[in-house]
Amino acid sequence: MKRILGIDCSPKVEKVVSGLFGGNDDVQYEQFHDGIALNGYQMIILEMGRNQEHVVQQICKLRYACNFQNIPIILINARKKDIPSQPYIIAGATEVLSLSDPLPACRHIMNGYLIPGREPLEEEFEYLDPFIKNTCHILQTMASIHVEFKKVYFSNTIRIFGDVSGIMGLSGNAEGTLVVTFYWDLAKAIVAKMMGMEEGEIDAELIHDGVSEIINMISGSTKKEFVGTPYHFEISLPSVVVGPGHQIGYLQNTSVAVLIFQVGTQSFALHVCIKPKTTLS
Amino acid sequence: MKAIVADDSRLIRGIIEKTAASIGFEAVQAGNGREALSLLEASGGEINLVLLDWNMPLVSGIDVIRKMRGDDRFKKIPVLMISTESEEDRIQEAIRAGAQGYLTKPFTADQLTDAIHQVLEKH
Amino acid sequence: MSRSMDLRSYILLVNRDKKFLNVVCKSLLGAGYPVLTATAMSSALNLLSNNSVALIICDSELEDSSGYEFLEFIKHTPLLKKIPFVFFVPVHDQGNAGKAFGMGAADFIVYTPDSGAPNVLMKRIAETLPAKTGRAGISALPGEGFHQSIAPPPEAASSPPPAECRKSERLVPKQTVNIELSRDSILWLPGRIKNISRQGLLIETSLLGRLGMALYIRFSLPCGTCVVESHIRHISINNHKLSAEIGVETEQSIDWIETYDYVVNLKEEGKKSAVKKPSAEVDRPIQKKIHADMIIRMADNRKAPADPLLNHSSEPRSEKALEIKFYRSLVGKKLGNYKAVSFIGAGGMGGVFKGWDVVLERNVALKVISYNLSSIASYRDMFVKEARLVSRFTHPNIAQIYYIDQVEDVLYFAMELINGGTLADIIKDRNNLNTAKGLEHFITICRTLDFVSRQNIVHRDIKPANIMIDDQGILKVVDFGVAIVNDGTGRKKKAEGLVGSPLFASPDSIMGQPLDCRSDIYSLGATFYNVFAGVPPFEGDYVEAILFKHLHEELVPLKKRNPILSSDLSDIIGKMMAKKPEDRYQDYQSIIDDLNVLIH
């Protein structure tokens with residue numbers, strides 16, 4: 001049985017959603033409120049209000065509440081009018097469906113998202129393990145912070161939802177992109193620990209600097225472990241991006257591994273997209 | 001004693017400066033290799049140690065070392081390279097260029113202190 | 001001093017006397033100038049590398065060097081040399097004015113201990129640098145080594161400076177122009193042009209930068225993509241958690257001049273901008289693939305959807321969009337014993353993923369059947385039946401089907417994964433197959449289809465996109481999804497309309513007649529016509545038009561399209577593509593025989 005949460009759903013949408021899932025799944029409904037708890041749900045269904053900005057805000061808040069977990073947020077447009085889905089997707093919605101879409105399509109798409117995610121392949125672990133190990137090591141060494149790797153999921157795009165993200169483009173034998181993304185508070189706490197300062201003394205520039213340095217160290221220390229393997233890459237200059245909701249171009253036919261790490265009750269994510277130029281076989 | 005700390009990250013400069021200060025170095029900061037060189041020029045021979053990042057804008061750390069080693073005034077100033085570049089051939093490249101020591105990021109304060117002491121001893 | 005300096009933001013005050021710094025700084029702040037202070041050249045350089053500075057006011061002696069050394073460094077640093085440098089020195093230093101001007105100082109101001117240093121300075125500055133009211137509140141407070149990235153106030157950043165300050169006019173593009181920015185030309189992030197001048201751009205972006213940092217800017221122009229180099233000259237961040245505005249000075253290259261002309265000449269109104277939104281890029285390859293590989297179905301005698309090839313009709317398009325959404329929902333999932341590793345593309349029949357077989361530990365291709373087809377019982381049965389059929393025969397040039405299964409309503413095949421491209425890719429890339437290689441492939445496919453026809457199977461969808469060449473150079477016929485068993489009765493079980501691509505469809509399949517291997521022979525002829533000619537045998541803006549031509553229009557002989565080919569080859573393909581099945585080759589062996597003659 002899967003647990004699904006419908007938020008702000010009108011009776012019309014409730015009826016459709018309940019019809020789609022039948023009696024096999026547990027669908028609950030709630031009104032949107034700040035601090036909404038999403039733990040334990042496999043899918044969030046949000047009915048789209050009229051005000052785009054408000055909806056985008058709601059999605060952002062729901063994404064925050066997901067705490068980097070891969071919970072699909074399906075936005076349902078109950079109005080006749082077709083709307084561009086891009087702003088909602090960028091904000092963190094997983095998919096935008098319309099009540100005017102054929103029901104079988106909606107059912108298949110939602111069911112698809114409810115299918116459990118796969119575990120990494122052995123060959124994927126081969127290159128994910130060093131990233132995991134080094135990310136933990138870097139924060140332990142530079143900030144004396146204990147970091148625990150929680151889980152990994154796979155996506156076909158890099159969509160980042162943290163407040164501040166460090167990005168590294170990879171070139172050489174293997175190409176790709178690495179992105180580390182943090183919520184502001186955790187980033188600030190980490191940088192304060194790195195500097196041995198109080199959080200109040202940390203300004204925005206130091207946080208940007210810190211995130212840039214973290215992705216730099218993750219890539220720099222990991223690349224050495226790939227010498228002589230197809231995953232060996234060269235690094236360039238780290239970029240820092242601010243604000244949640246970015247989509248970054250990716251390489252075709254490559255999967256993006258999203259590694260979730262935990263620091264106390266807070267989380268951050270490392271996106272690893274790496275593709276050897278020569279095929280492995 | 002005076003040290004130049006060159007890194008494009010203000011955060012890393014801050015961390016290094018702190019550790020350097022704890023063992024008696026007064027640090028001047030440079031945000032890139034060119035600044036580091038101009039600080040050397042301006043120092044009038046008072047610099048006792050140079051702590052250099054590898055990847056910096058304008059002039060890279062390795063180029064700073066090469067320039068220093070080609071200049072009689074700065075030839076003898078010990079250099080510790082501190083970089084995320086962690087592959088053995090990169091480390092060798094820095095040593096060949098004239099760095100006395102090499103520390104890979106991430107590092108702890110103790111590791112940095114040890115590395116500085118080693119560089120000074122070698123010197 | 002030029003008035004253009006007020007494009008920048010801070011006054012950088014450098015003096016080794018902290019008390020003096022405080023006094024002067026306060027007066028400058030009081031007059032509405034934002035100020036940064038430093039006591040040493042090194043800290044001044046730090047401030048310069050992180051802030052936008054409009055004017056440097058410097059003493060002759062600094063903590064770590066002299067003002068002249070500082071000036072010399074500034075004048076030899078391309079990114080900094082344009083900042084006006086003013087000496088502000090005690091009266092006993094005045095003898096050095098000539099030296100200072102010779103080195104490029106903009107002004108040399110002398111004060112006496114009793115004259116009130118700030119007043120002298122204020123007067124001289126007021127003559128040249130008008131104060132901006134309302135700035136003082138956010139100005140940096142003085143302090144040694146003070147390192148500040150608080151931006152100038154919004155009005156200073158976003159409102160363009162007075163026109164007389166500019167070397168050329170700043171224009172706001174009439175359309176939204178989305179661009180991409182990169183530090184390393186590997187990773188590109190989106191941005192939007194706020195305004196443009198001949199010298200550079202003001203860009204809104206979430207990518208953070210520092211002053212002086214090199215930045216590549218990518219534009220999509222109608223003539224292609226164009227990358228321009230630039231340096232960050234100005235940064236304005238109103239909120240550290242949101243996007244920033246950065247002003248860049250561009251390298252004056254031909255590319256930049258072209259780009260500038262293009263952007264300033266954009267017409268108003270919502271006409272689709274040629275500069276595409278980079279974030280849409282993610283969906284684009286998949287969409288394109290569908291259009292190139294479209295299969296249409298005209299079941300139940302319904303009219304063909306108006307124009308799926310050109311996508312004029314919105315209905316099939318939104319259905320396609322929903323199918324893409326369906327495939328997207330399966331990325332990173334596990335279907336039975338298979339892991340969906342990465343999405344490869346979508347065709348008319350389904351979406352293809354690179355997959356991993358957990359039990360047998362090998363790579364596979366997972367083909368997820370379009371839910372539109374899999375939810376129709378007759379189609380589902382057909383897929384299952386044909387999959388069973390194809391999985392029975394092994395042939396080196398046929399992509400093997402390993403397994404077919406349905407998980408949570410998702411019907412999928414697990415098939416041999418072929419690393420490589422298709423004949424369609426070769427045609428598209430104009431990767432000219434030389435004639436000898438083309439003939440070799442032609443014969444291989446004939447042999448393969450000969451094998452297929454001997455099993456009484458008609459593929460029904462032979463086309464360049466269904467012939468793959470793996471990285472070992474081995475040809476593989478794929479996609480037996482719509483293949484049928486020809487049971488020899490000649491009876492047609494069900495009117496299901498045209499199955500297959502209109503560009504390569506045989507007249508007999510268009511007419512809904514019972515099919516045998518001669519229909520595949522026609523399609524194979526059309527496929528290699530495309531390979532050798534570079535264009536399909538019949539083209540048209542509408543599906544109906546293409547189908548009509550297959551039925552009624554005389555084929556332009558291949559030799560006419562590509563005169564270097566032998567007329568024998570042209571004749572062979574002409575015969576394969578005869579309108580009536582009985583006028584074609586009746587089996588593959590006779591084609592092979594004729595082709596063999598050409599080789600030897």
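Scope of this entry: the structure provided in the associated data block. (Residues numbered from 1 in each chain as written. Chains lettered and ligands numbered in written order. Predicted model: local features only at pLDDT ≥ 70, side-chain atom pairs only at ≥ 80, totals over all residues. Heavy atoms only, no water.)

Another aspect to go through is the packing of aromatic side chains. Residues and elements named next belong to chain C. Across all of its chains, the model carries 30 aromatic pairs over all chains by this definition. Measuring from ring centre to ring centre gives 6.4 Å for F219 and W256, while their planes differ by 50°; the resulting arrangement is tilted. Of this pair, F219 sits in strand β9 (residues 214–221) while W256 sits in helix α7 (residues 254–264), placing them 37 residues apart in sequence. As far as the burial class goes, F219 and W256 line up, both buried. In this structure an aromatic cluster arises from ring pairing among Y68, F70, F85, F87, F101 and F108. The cationic tip of K99 hangs over the ring face of Y68; the distance from NZ or CZ to the ring centre is 4.1 Å. (Phe/Tyr/Trp six-rings, centres within 6.5 Å; stacked < 30°, edge-to-face > 60°. Helix = DSSP H or I, 4+ residues; strand = E, 2+ residues; numbered from the N terminus. Buried < 20%, exposed > 50% of the residue type's maximum accessible area, 1.4 Å probe, protein only. Lys NZ or Arg CZ within 6 Å of the ring centre and 35° of its normal.)

What follows is about the side chain of Q58 of chain A. All names here are of chain A. Note that Q58 resides in helix α2 (residues 52–66). The class of Q58 is buried, set by a relative accessible area of 4%. When neighbours within four sequence positions are excluded, Q58 is seen to be in contact with D8, F32 and L46. (Contact = heavy atoms within 4.5 Å.)

With that out of the way, let us pick up the interface of chain A and chain C. How big an interface is tends to be stated in terms of accessible area lost as the parts join. Each partner contributes residues to the interface: chain A has 55 residues there, and chain C has 43 residues. For the pairing of chain A and chain C, the buried interface totals around 4600 Å² over both sides, and the portion due to carbon and sulfur atoms is 58%. Of all residues in chain A, H108, I115 and R118 of chain A bury the most surface against chain C, accounting for 14% of the area lost on that side. Linking chain A with chain C are 4 salt bridges, by the criterion used here. Ionic pairing is found between K2 of chain A and E408 of chain C, a salt bridge with its closest N-O pair at 3.5 Å. When contributions to the side of chain A that touches chain C are tallied by element, the ones reaching two or more residues are β5 (95–98), α4 (103–114), α5 (122–143), β6 (148–155), β8 (164–171), α7 (204–223), β11 (239–242) and β12 (246–248) of chain A. (Buried area = accessible area lost by both parts, 1.4 Å probe. Salt bridge = Lys/Arg side-chain N within 4 Å of Asp/Glu carboxyl O.)

Okay, the interface of chain A and chain B next. In this assembly, 25 residues from chain A lie in contact with 18 residues from chain B. Summing both sides of the interface, chain A and chain B together bury roughly 1800 Å²; the carbon and sulfur share of this comes to 59%. Contact with chain B buries area across many residues of chain A, yet M142, M195 and E213 of chain A alone supply 27% of it, more than any other trio. At the junction of chain A with chain B, the criterion picks out 5 salt bridges. Salt-bridge contacts for E87 of chain B lead to K223 of chain A; the nearest nitrogen and oxygen are separated by 3.0 Å. Linking chain A with chain B are 12 residue pairs in polar contact (both at pLDDT 80 or more), by the criterion used here. Listed by contribution, the elements that provide at least two residues to the side of chain A that touches chain B are α5, α6 (184–195), α7 and β10 (234–235) of chain A. Here the side of chain A that touches chain B takes 10 residues from α7 of chain A, the largest share from any one element. Considering only residue class, the side of chain A that touches chain B consists of 10 nonpolar, 8 polar and 7 charged. (Polar contact = N/O pair within 3.5 Å; in protein donor to acceptor, adjacent residues only side chain to side chain. Nonpolar A, V, L, I, M, F, W, Y, C, P; charged D, E, K, R; others polar.)

This part takes up unusual backbone geometry. That bond from K105 of chain B to P106 of chain B is cis: its omega, 0°, falls within 30 degrees of zero. Structurally, P106 of chain B can be placed in the loop between β5 (101–104) and α5 (109–122). Positive phi, normally seen in glycine, also occurs at S185 of chain C, with a value near 55°. Within the secondary structure, S185 of chain C is located in the loop between β6 (178–182) and β7 (189–196). Take S185 of chain C: its relative accessible area is 40%, and that puts it in the partly exposed class. Its identity is not glycine, yet E408 of chain C carries a phi of approximately 50°, on the positive side. For E408 of chain C, the location among the structural elements is in the loop between β16 (401–407) and β17 (410–415).

All names here are of chain B. Across the sheet, which stays open at both edges, the 5 strands sit in the order β2-β1-β3-β4-β5 with parallel pairing between neighbours. Each edge of the open sheet is held by one strand with a lone partner, namely β2 (26–30) and β5. Strand-to-strand twist across the sheet, computed as the mean angle between neighbouring axes with direction ignored, equals 20°. Of the pairings in the sheet, the one linking strand β3 (residues 47–52) to strand β4 (residues 79–83) comprises 3 bridges and is parallel in character. Opposite V50, over in β4, you have V79 as the bridge partner. Where helix α4 (residues 88–97) meets the sheet, it contacts β4 and β5, and its direction lies at approximately 145° from that of β5. (Pairing = 2+ DSSP bridges. Axes fitted to C-alpha atoms, helices over the stretch in contact; angles between N-to-C directions.)

Residues and elements named next belong to chain C. If you walk across this open sheet you meet the 6 strands as β12-β13-β14-β15-β17-β16, and the pairing is antiparallel. Of all the strands in the sheet, just β12 (334–335) and β16 have a single pairing partner and so form its edges. When strand β13 (residues 338–346) meets strand β14 (residues 350–357), the two strands line up antiparallel, connected through 7 bridges. Note on β14: the bridge partner recorded for S342 is K354. Where helix α11 (residues 377–392) meets the sheet, it contacts β15 (362–369), β16 and β17, and its direction lies at approximately 155° from that of β16.

Quick look at a negative patch on the surface now. A surface patch of negative charge is lined by D568, D571, D587, D593 and D594 of chain C. Those elements that provide at least two residues to the negative patch are α18 (567–576) and α19 (588–599) of chain C. (Patch = residues over 30% accessible without salt bridge, like charges linked within 9 Å, V, L, I, M, F, W, Y side chains within 5 Å. Areas by Shrake-Rupley, 256 points an atom, 1.4 Å probe, with all protein chains shown as cover. Lys, Arg positive; Asp, Glu negative; His and termini not counted. Charge placed at Lys NZ, Arg CZ, Asp CG, Glu CD.)

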